[in-house]
Amino acid sequence: FSFIGLQTQEVAIGERSTIDMALGLDVKQLTEVVVTAQGIERDRKALGYAATTIGADDISNKPETDLGRALQGRTPGLQILNSSGLAGSGSKINIRGISSVSGNTQPLWVVDGVPINTATNESNSNFFDGQQATSRFLDLDPNNIETINILRGLSATTLYGSLGRNGVILVTTKGGAAKNQTRKFEASVSQSLFAVEAIIPEFQSKWGNGFDGDYGEFFSNWGALFTGAPPINQPRHPYYEHRNTFPDIAEFQLGDGDGYIPANQADNVSSMFKKGTSSNTSINLGSNGPGGSINFNYRHLDETGFVKHNRVQRDNLSLGGTTQLTDKFSLTSTFNYARTEFTTPPSGSGGGNNSFGGPSIFTNLYFTPRNMDLARWPFQDPTTGASVYYRNNNSITNPNWVRENARNGSTTNRFFGSASLNYDVTDWLKLTYRLGLDTYGERQLNYVNRGSVGYPAATAILATGQMRTTNITNTIIDHSAIATIQRKLSSDLDLTGIVGFNARTDTYQQDGLES
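Nothing here was measured: the structure is a model prediction, and the numbers come from that model. (Residues numbered from 1 in each chain as written. Predicted model: local features only at pLDDT ≥ 70, side-chain atom pairs only at ≥ 80, totals over all residues. Heavy atoms only, no water.)

(A) Here's a closer look at the overall build of the protein. Along the protein, the regular secondary structure elements total four helices and 20 strands. Restricting to contacts in the protein with at least 6 residues of sequence separation, those with at least 24 account for 64%. When the accessible surface of the protein is totalled, it reaches about 25,000 Å², and 55% of it is carbon and sulfur. (Helix = DSSP H or I, 4+ residues; strand = E, 2+ residues; numbered from the N terminus. Contact = heavy atoms within 4.5 Å. Areas by Shrake-Rupley, 256 points an atom, 1.4 Å probe, with all protein chains shown as cover.)

See below:
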């Protein structure tokens, strides 16, 4: 016999036809403790606002290695927008909807009581030039997470001031939760390997390049039917203009009236994709004794995306623990280091026949006419290095050329941690001083080689090639002094109060070169 909030009981029925059973209260369940603002633990039933708790089992050893994306579908009201499906690509998170047309609507991330920087350090905000940076919550290791609490209401986030106006995501690492360690020593090693595949739309296989049933070298798929015979207008081969560059390819020599027969190339889009992998190795050590507890975690991530040259590698080290200095004094500290390397072909925004700005691997891919053999026809001039494609006005860059000649990437070294000194004045009054530090250096490299085409006037200079390096340094120092009151006045009345002071400095510096 079982019911929500009551203890489960099992009894033997025997010869009885009537059974009377009284289920006792499941006190452990009804007094669930959650972490709230400033790391204060409270009973869930005493909260006056919505808060969702996500446990370690929900996010660890999962295919999604980005902690932000791993929250998708875990709580109501959480909207996650990905810039693309490529490994390591940036994401935007909204908890209470979009409240600003042009301002920042991203929630505040707090790790072990200290706010951290999770910005997507784009040099532009609209992806027009094809640049695609990672969001800095990519540096967090999902396997090192004990719990995540998502605070949505204003009353839940008011202790963080204006920083918490868009909601707060509270992250407690295993090092930060080391005080809850119950075993004297615990060690675990985990290894996971997942396949990463793209979901490719279904394409028609009846019509070739052109419009209204007539063959033509346009960026469209409603031309002549694939009949096994030359179209009525006897067109030339799409690569005829490149016949002198590739004299050894006989079909490129077919001019007007020479009998070119368009044929469906079933793999012309799918050839751009491959099966990627996501490999994770994690080691966790924990120990608990009379004087305190300690936890160590290491993880190595190596993920290759479903497009060639897309890769994320990350190493995370975490050390945390707590020690009881005296009967009233305790010290809790966590130290985290992350190194993240990310590289990918650019994936910018675009319209129906070209990108809005810089090079984009997908913009000119999905509309590719079905008779274009992207898998086997050349994409680059062996002499000039320029893009080679079927458009006789040379207005579209070959997607394969973009994949091989344009790149976005970054290398980030990050340290973040905190130290808290706690003093129990009485059983209902607690004083805490917390010092937090979050600092990282990010070096971005974005380039496109000479020889691409099809840019709007604002970015036409990219056709001559471009290289951009950007160096970013961000440091947050956070001081908090907090007095917490939690006193039971009577059997029906509790008093909870928080008084404190917070000082925070956030230093951001960016410089770079472009040529």
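(B) Looking closely at the nonpolar core. Among the nonpolar cores identified, the biggest contains 30 residues, and Tyr239, Phe273, Phe306, Val307, Phe362 and Leu365 are the most heavily contacted of them. The contact partners of Val307, leaving out residues within four places of it in the chain, are Leu86, Met272, Phe273, Lys274, Pro345, Ile361, Phe362 and Arg403. (Core = buried A, V, L, I, M, F, W, Y, C linked by side-chain atoms within 4.5 Å. Buried < 20%, exposed > 50% of the residue type's maximum accessible area, 1.4 Å probe, protein only.)

(C) Region of interest: the sheet that holds strand β6 (residues 108-111). Across the sheet, which stays open at both edges, the five strands sit in the order β3-β8-β9-β6-β7 with mixed pairing between neighbours. Since the sheet does not close on itself, it has two edges, and those belong to β3 (51-55) and β7 (114-116), each with one partner. Adjacent strand axes in the sheet meet at a mean angle of 25 degrees, parallel and antiparallel pairs treated alike. Summarising the sheet, β6 and β7 pair through three bridges and their orientation is antiparallel. Bridge assignment links Val110 to a residue of β7, and that residue is Pro115. (Pairing = 2+ DSSP bridges. Axes fitted to C-alpha atoms, helices over the stretch in contact; angles between N-to-C directions.)

(D) Broad picture of the packing of aromatic side chains. All told, the structure shown has 15 aromatic pairs when counted by the stated rule. Between Phe329 and Tyr423, the ring centres sit 4.6 Å apart and the planes meet at 35 degrees, which makes this aromatic pair tilted. Here the residue Phe329 occupies a position in strand β16 (residues 329-344), and Tyr423 occupies one in strand β17 (residues 406-424), the gap between them amounting to 94 residues. By relative accessible area, which is 33% here, Phe329 ends up partly exposed. An aromatic cluster is defined as three or more aromatic residues linked by ring pairs; in this entry it consists of Tyr239, Phe246, Phe252 and Trp377. (Phe/Tyr/Trp six-rings, centres within 6.5 Å; stacked < 30°, edge-to-face > 60°.)

(E) Spotlight on the pairing of strand β20 (residues 494-514). As paired elements, strand β19 (residues 466-488) and β20 share 21 bridges and run antiparallel to each other. Opposite Ile477, over in β20, you have Thr505 as the bridge partner. Between the end of β19 and the start of β20, which pair antiparallel, lie five residues.

(F) Highlighting the pairing of β16. Note: strand β15 (residues 311-324) against β16, 14 bridges, orientation antiparallel. From the neighbouring strand, Ser318 faces β16, where its bridge partner is Asn336. Linking two consecutive strands that pair antiparallel, namely β15 and β16, is a turn of four residues.

(G) Molecular detail of a nonpolar patch on the surface. A cluster of nonpolar side chains, Phe185, Val189, Ile283, Leu285, Ile294, Phe296, Leu317, Leu319, Phe335 and Tyr337, forms an exposed patch at the surface whose accessible area comes to about 880 Å². Secondary-structure elements contributing two or more residues to the nonpolar patch are β10 (185-196), β13 (276-289), β14 (292-304), β15 and β16. Turning to its location among the elements, Val189 is positioned in strand β10. For Val189, a relative accessible area of 68% gives the class exposed. (Patch = residues over 30% accessible without salt bridge, like charges linked within 9 Å, V, L, I, M, F, W, Y side chains within 5 Å. Salt bridge = Lys/Arg side-chain N within 4 Å of Asp/Glu carboxyl O.)

(H) Molecular detail of the sheet that holds β20. Ordered by their spatial adjacency, nine strands build an open sheet running β10-β13-β14-β15-β16-β17-β18-β19-β20, and the pairing between neighbours is antiparallel. The strands lining the two open edges of the sheet, one partner per strand, are β10 and β20. Mean inter-strand twist for the sheet, computed between neighbouring axes without regard to direction, equals 5 degrees. Bridge count for β16 against β17 is 16 bridges, and the pairing is antiparallel. By the bridge assignment for β17, Thr332 is matched with Ser420.

(I) Spatial organisation of the environment of Gly257. Note that Gly257 resides in the loop between β12 (214-215) and β13. The class for Gly257 is partly exposed, based on a relative accessible area of 48%. Distance from Gly257 to Pro231, taken between C-alpha atoms, is 9.8 Å for residues 26 residues apart in sequence.

(J) Broad picture of the confidence of the model for the protein. Averaged over every residue, the pLDDT of the protein is 84; residues scoring 70 or more account for 88%. Mean pLDDT values for the elements of the protein range from 47 in helix α1 (residues 27-30) up to 94 in helix α4 (residues 399-405). (pLDDT = per-residue confidence, 0-100.)

(K) Quick look at the pattern of salt bridges. All chains considered together, the criterion is met by 16 salt bridges. The salt bridge involving Arg136 is made with Asp139; its shortest N-O contact spans 2.8 Å. With a relative accessible area of 0%, Asp139 lands in the buried category. Note that Arg403 and Glu404 form a salt bridge whose closest N and O atoms lie 2.8 Å from each other. With relative accessibility at 12%, the residue Arg403 sits in the buried group. Three or more residues joined by partner-sharing salt bridges are found here, namely Arg136, Asp139, Arg414, Asp438 and Glu442.

(L) Here's a closer look at unusual backbone geometry. Not every positive phi belongs to a glycine, and Asp112 is a case in point at roughly 50 degrees. One can find Asp112 in the loop between β6 and β7. According to the relative accessible area criterion, Asp112 is buried, its value standing at 14%. For His309, which is not a glycine, the phi torsion comes out positive at approximately 75 degrees. With respect to the helices and strands, His309 occurs in the loop between β14 and β15.

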